[in-house]
Amino acid sequence: MKRLMMASVAVLGLCTAACGTSDGSGNESGNAAQEAAAASNDTNPTAPDGRHYLSQPLVRDIFTADPSAHVWNDGKMYIYPSHDIPTDTKDDDLGNQYAMRDYRVLRMDEPGGPVTVGPVALDVKDVPWASQQMWAPDAAYKDGTYYLYFPARDKTKDKNGLGAFRIGVATSKNPMGPFKAEPQAIPGSFSMDPAVFQDADGKAYMYFGGIWGGQLQRWKDGKYDPNGSDTDLKQDDQPAISGKIARLNPDMKTFAESPRDVVILDEQGKPVLGGDHDRRFFEASWVFKRDGKYYYTYSTGDTHFLNYAIGTSPYGPFTYKGHILNPVQGWTTHHSIVEWKGKWWLFYADTQLSGKNHLRNVKMTELTFNPDGTIPTIDPFVK
């Protein structure tokens, strides 16, 4: 395992100086990111506890998080991240400190090579139904069109004066945008963190949902409760709240079915319980397929792990297998996993550049598999 970590450092250490090529579009988050980068621009920086980081930020001129990585037909890597911006809002359980309002796409030709930061791909002001907080997106491609899926709050008001999260879709003929949003959110969509998996048979599925600020707990009866819990259901001895799945119609813009639960089972075949915070679902679904197995990966939120479970169908159920990534510096962990140029890669984020939970930087490192298909746990630090 240590050998893998050191190899990843050697490959990705190149990004310390080379990555972060921008198109020149400036904004206040870019300026803040540049200042933070300048303050920690040595080639082997250490975390506050003295450990060295396994990987270095892919870009340093803007803050990015929640990376959804895809390899399109040109063989290049395109990363669709959240675009973090500075705010004076204090950290809270609702995620108000995550005030993102637009998206910018990253492109990389080779692992460890320069990263191009695209111009604004979509802004909340150009989404008719949305009010604020453009959180973690994903993307898909079909028949010459690129689809950007994104969560945002609508214009209703709950007990906290905030909108309900819905999921929208926007389209473009260019993988880096600009994208044009549909006038309404996807009918039947709710919560956050859309992740679209396209299977070999051409069918596409959206996985989505998150508890706490993601509001999934407010949909426990199938209808949104604007006065519901801000965290979870406080039912530690009951099956945990599940993420959701819905197959997409061929238009890639609407659900072909009502969303259903993505059930995670323990080793005895029983649902993981709500009180099992090291294993239960919190947010950040991501699905990939390898050797005929479907890997459902997700974040545990308040215990800061990336986990995985394996099933034989896109719908699951999925049997819990372990941690993919141990806790990073910072509160949130949201990721993607993709095969590229003969290797598998994990994309994630931490707060190396800023030291602030809401100002993050995207990273990548190699992911390996054991002969039985299980995944060795990665430590985001090297001692």
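Residues numbered from 1 in each chain as written. Predicted model: local features only at pLDDT ≥ 70, side-chain atom pairs only at ≥ 80, totals over all residues. Heavy atoms only, no water.

## A word on the packing of aromatic side chains
- For the structure on display, the rule yields 30 aromatic pairs.
- Ring centres of Tyr147 and Tyr149 lie 6.4 Å apart, and the angle between their planes is 15°; on these two criteria the pair is classed as stacked.
- Classification of Tyr147 by relative accessible area gives buried; the value is 8%.
- Here the aromatic rings of Phe281 and Tyr298 are separated by 6.1 Å at their centres, their planes lie at 50°, and the arrangement is tilted. Of the two residues, Phe281 is situated in the loop between β15 (264-265) and β16 (283-290) and Tyr298 in strand β17 (residues 293-299); the sequence distance between them amounts to 17 residues. (Phe/Tyr/Trp six-rings, centres within 6.5 Å; stacked < 30°, edge-to-face > 60°. Buried < 20%, exposed > 50% of the residue type's maximum accessible area, 1.4 Å probe, protein only. Helix = DSSP H or I, 4+ residues; strand = E, 2+ residues; numbered from the N terminus.)

## Here's the deal with the sheet that holds β17
- An order of β15-β19-β18-β17-β16 is seen for the 5 strands of this open sheet, with the pairing classed as mixed. Looking at which strands have only one partner, the edges of the open sheet turn out to be β15 and β16.
- Relative to strand β18 (residues 306-311), β17 runs antiparallel, the two being bridged by 6 bridges. Across the sheet, Tyr296 pairs through a bridge with Ala309, a residue of β18. (Pairing = 2+ DSSP bridges.)

## Observations concerning the pairing of strand β8 (residues 145-153)
- With 9 of its 9 residues buried, β8 lies for the most part within the structure.
- Alternating positions in β8 separate into two faces, Thr145, Tyr147, Tyr149, Pro151 and Arg153 on one and Tyr146, Leu148, Phe150 and Ala152 on the other, with burial throughout.
- For strand β7 (residues 138-142) and β8, the ladder comprises 5 bridges, and the chain directions are antiparallel. Note on β8: the bridge partner recorded for Tyr141 is Tyr146.
- Linking two consecutive strands that pair antiparallel, namely β7 and β8, is a turn of 2 residues; a positive phi of about 50° is found at Asp143 within it.
- Across 8 bridges, the pairing between β8 and strand β9 (residues 165-172) is antiparallel. Among the inter-strand pairings, Phe150 is bridged to a residue of β9, identified as Gly168.

## A closer look at the pattern of salt bridges
- If you walk through the whole model with that rule in mind, you get 21 salt bridges.
- Across the salt bridge formed by Arg360 and Asp84, the nearest N and O atoms sit 2.8 Å from each other. You can see Arg360 sitting in the loop between β21 (343-350) and β22 (361-367) and its partner Asp84 sitting in strand β4 (residues 77-84), a full 276 residues away along the chain. We note that Arg360, like Asp84, is buried.
- Residues joined by salt bridges that share partners form a network here, namely Asp158, Lys159, Arg218 and Asp230. (Salt bridge = Lys/Arg side-chain N within 4 Å of Asp/Glu carboxyl O.)

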